[in-house]
Structures are given as structure tokens and as C-alpha cells.
Amino acid sequence: AEEAYTAGLICDVGKLVFEAELRDLNLDLPELEGKNFAEVEKIFFGMSHADMGAELARRWEFPEALMDAIAHHHSPSQSSKKTALPAAVHIADNIVNRLGIGLGCDGASYALEAYALDRLGLSDGSLDHLLAQTMAQFQESESLRKGSAI
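The present account deals with the structure reproduced in this document. Residues take numbers from 1 onward in each chain, read along the sequence in its written order. Residue-level local features of this predicted model are given only where pLDDT is at least 70; pairs of side-chain atoms are given and counted only at 80 or more, and the full residue set underlies all totals for whole chains, interfaces and linings. To obtain the side-chain values, all non-hydrogen atoms of the structure were used and water was disregarded.

Topic: unusual backbone geometry
Here Glu61, not a glycine, exhibits a phi torsion of approximately 60°, which is positive. Secondary structure is summarised from DSSP: a helix means a run of H or I of at least four residues, a strand means a run of E of at least two, and numbering begins at the N terminus for each. Here Glu61 is to be found in the loop between helix H4 (49-59) and helix H5 (64-71). Each residue's exposure class comes from its accessible area (1.4 Å probe, protein chains only) as a fraction of the maximum for that residue type: buried when under 20%, exposed when over 50%, partly exposed otherwise. The exposure class of Glu61 is exposed, given its relative accessible area of 71%. Notably, Lys82 is not glycine yet its phi reads approximately 55°, a positive angle. Among the residues examined, Lys82 registers a relative accessible area of 39% and is labelled partly exposed.

Laid out in C-alpha cells, this is it:
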């Protein structure tokens, strides 16, 4: 559980490296139309934020499982490890994106891989249930946060 929590928190660490440059890029170019953000990152930076994050994790000597989850949080089926962690992070990332939580300039442009659901033994119905639970918990935490504001 701790490993999954950590992977979820740091899966987008590679975005931090690109963040300053992204602010100044013109993303309205015709050749970028229809491309997801990882493809756009590869055009401008030669790698995606997932690739950059995995490289940071390697340099920081993170465990192999975390490097793999960071590298494949948008493409868990491409992981050679075939562990559940990249699939779990992929699904969690998809859920928060669908709820509009923490969306950056990439928005919700990443498709959910059916492989991730299969790998974790989930169905579309169970994903909808997770989505509803996550939204309820988010709304409750927002209510508590606003209620405790001074």
C-alpha cells in the first residue's frame, strides 16, 4: 500500500522538469492537433514526462517498482514487469483526471487502457463505483477543508 501511495504521488514528477518550458510553448500548432500530451512532450523535449520521471527515479536510486510505475503510468501494458503497480497508478490517475482534480495543461487527454482494468480484475462497473467513491471522498475532504478555514 505504501508503494502504491508513493507511486501515485510521484508519477508526474517528470512534469516538474518541463514545467517552466511548457508555459512558453505554443500548443495551438496544427501539427499537434489530435496528439495526446505525452506525444507533444516527445515532440518538444524528446521524451515524455513519464520517461523523464523514470530517469529521475533511476538517478535518485528509487526501487525498480517505483521507476516502472512512473515510466508506465500512462501505458501499463508496456511495462515489462507486468506488476499491478503501473496499472493501479494508471487507473488512479485516470479517475482523478475524470473528476477534474489536479488537471494541468494536459487535461484528461490520456485514454484508460483496458489492460489496467484486466490486470487488477476490475470491470467498467467497478471503475464507475471507484469513481463515485473517490468523488464522495473528495467532496467530503473539501467540505472539511472549507469548514476549518479561518
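Some details on helix H6 (residues 84-98)
Its 15 residues give H6 an end-to-end C-alpha distance of 21 Å, which sits within 8% of 21 Å, the value for a rise of 1.5 Å per residue. Within H6, burial applies to Leu85, Pro86, Ala87, Val89, His90, Ile91, Asp93, Asn94, Ile95 and Asn97. Only heavy atoms matter for contacts: two residues are in contact if any of them lie within 4.5 Å across the pair. Buried-residue contacts for H6 involve helix H1 (2-10), H5, helix H7 (114-120) and helix H8 (124-147). To estimate how far a helix should reach, multiply one less than its number of residues by 1.5 Å.

Side note on the packing of H5 against H6
Taken N-terminus to C-terminus, the directions of H5 and H6 make an angle of 40°; their axes are 8 Å apart at the nearest point. Taken together, H5 and H6 sit at an angle that is classed as oblique. For H5 against H6, the interelement crossing comes out right-handed. Across from Ala65, Asp68 and Ala69 in H5, the residues of H6 making contact are Leu85, Pro86 and Val89. Classifying every residue of the contact of H5 with H6 gives 5 nonpolar, no polar and 1 charged. Lines fitted to C-alpha atoms define the axes here, with helix axes fitted over just the stretch in contact, and angles between the N-to-C directions of these axes take values from 0 to 180 degrees. Orientation categories follow fixed angle ranges, with anything under 35 degrees roughly parallel, anything over 145 roughly antiparallel, 65 to 115 roughly perpendicular, and all other angles oblique. The sense of a crossing depends on the near helix, which, turned anticlockwise from the far helix by less than a right angle, makes the crossing left-handed and, turned clockwise, makes it right-handed. Residue classes follow a fixed rule: Ala, Val, Leu, Ile, Met, Phe, Trp, Tyr, Cys and Pro count as nonpolar, while Asp, Glu, Lys and Arg count as charged, and any other residue, Gly among them, counts as polar.

Examining the packing of aromatic side chains
To describe a pair of aromatic rings, you give the distance between the ring centres and the angle between the ring planes. Two aromatic rings, drawn from Phe, Tyr or Trp (for Trp, its six-membered ring), form a pair once their centres lie within 6.5 Å of each other, and the interplanar angle then sorts them: stacked below 30 degrees, edge-to-face above 60, tilted otherwise. By the definition in use, this model includes 2 aromatic pairs. With a centroid separation of 4.1 Å and 5° between ring planes, the pair formed by Phe18 and Phe45 is classed as stacked. Pair noted here: Phe18 is in helix H2 (residues 13-23) and Phe45 is in helix H3 (residues 37-45), with a separation of 27 residues, a long-range link. Overall, Phe18 belongs to the buried group, its relative accessible area being 4%. For Phe45, a relative accessible area of 24% corresponds to the partly exposed category. The interplanar angle of 45° and the centroid separation of 5.6 Å between the aromatic rings of Trp60 and Phe62 together place this pair among those described as tilted. Since its relative accessible area comes to 47%, Trp60 is described here as partly exposed.

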